[in-house]
Amino acid sequence: FKCVACYHQFSVTSGTIFASRKLSYTDLLAAIVIFVNGAKGVAALQLSRDLDCQYKTAFVLTHKLREAMAKEQAGAKLDGIVEIDGAYFGGYVKPENEKADRKDLRLKANRSGKRQCVVIMRERNGRSLPFIVRHEGDAVPLVRDHVGTLATIYADEGTGWDDLHAGWDTYRVNHSERFMDKGVCTNQAESYFSRLRRMEVGTHHHIAGKYLNAYAGEAAWREDHRRTDNGNQAAMVGFAAMASKQSRQWAGYWQRAA
């Protein structure tokens, strides 16, 4: 299209995350369908083969879709029963060849220092909000911003969650003894981590630190809509992409403009 006033040319995707696209509309729609079809995510290399495009094109496109999906979680407030838990990702250290030279990676001194903690706040029959922190306890201020004061929190025995008792009705379950204690459990949070761990191990492999937040958000979206059929999932992602403004993080990524 062309504006009759200023003669500026624009298209349906102008101003959206698909701005300045090179792929055809058919390929963009196909990419969305393929992307939502993977229960544990879809590798950019696989998508590049399916679309017959370069790997970097598929890589940036999938991250733009994750950015659009994350808009659904922005500003969400959780109430009712909220399960909270944390798990560590990244910071892989390759073991030495000789067994005698291998170090105990449970010790802090032998780690890479690149491990990050993904904290999930999951409302029963509601939304899931993931956050990236250094340690579990660092997420307590985030709980204050995203969990209602009348909510009931379920957490495990980790000492990082001790401060939650000061602000919420909090119940704990000691996983070293049992998975559920009188109805108190974090099974929904563990279900989220199961999906994210399978994404890391089976699909994406060694997720880099700066991208962990994007993959954590994708896993949360997939968990929240796991009962939604593929057609509606594709429509939801498509609408979210067209409603999102042009990406500042991924526009010109490979030209080092971001």
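Whatever comes next refers back to the structure up there.
Report on the accompanying structure. (Residues numbered from 1 in each chain as written. Predicted model: local features only at pLDDT ≥ 70, side-chain atom pairs only at ≥ 80, totals over all residues. Heavy atoms only, no water.)

A look at the packing of helix H1 (residues 25-37) against helix H7 (residues 230-243)
Turning to step 1, where the next piece is worked out: Remark: H1 packs on H7, axes separated minimally by 9 Å, with the N-to-C direction vectors making an angle of 120°. Classified by the angle their axes make, H1 and H7 are oblique. In the crossing of H1 with H7, the sense of the turn from one axis to the other is right-handed. Taken together, the residues of H7 that come into contact with H1 (itself represented by Ile32, Val33, Val36 and Asn37) are Asn230, Gln233, Ala234, Val237 and Gly238.
Turning to step 2, where the next piece is worked out: For the contact of H1 with H7, a count of residues per class yields five nonpolar, four polar and no charged. (Axes fitted to C-alpha atoms, helices over the stretch in contact; angles between N-to-C directions. Helix = DSSP H or I, 4+ residues; strand = E, 2+ residues; numbered from the N terminus. Parallel < 35°, antiparallel > 145°, perpendicular 65-115°, else oblique. Left-handed = near helix turned anticlockwise from the far one by under 90°. Contact = heavy atoms within 4.5 Å. Nonpolar A, V, L, I, M, F, W, Y, C, P; charged D, E, K, R; others polar.)

Describing the pattern of salt bridges
Turning to step 1, where the next piece is worked out: Within this structure, the stated rule accounts for nine salt bridges.
Turning to step 2, where the next piece is worked out: Here Glu223 makes a salt bridge to Arg195, at a shortest N to O gap of 2.6 Å. Residue Glu223 is located in helix H6 (residues 212-224), and its partner Arg195 is located in helix H5 (residues 187-204); the two are separated by 28 residues in the primary sequence. The same class applies to Glu223 and to Arg195, which are both buried.
Turning to step 3, where the next piece is worked out: Among the charged side chains, a salt-bridge network with shared partners connects Arg66, Glu218 and Arg222. (Salt bridge = Lys/Arg side-chain N within 4 Å of Asp/Glu carboxyl O. Buried < 20%, exposed > 50% of the residue type's maximum accessible area, 1.4 Å probe, protein only.)

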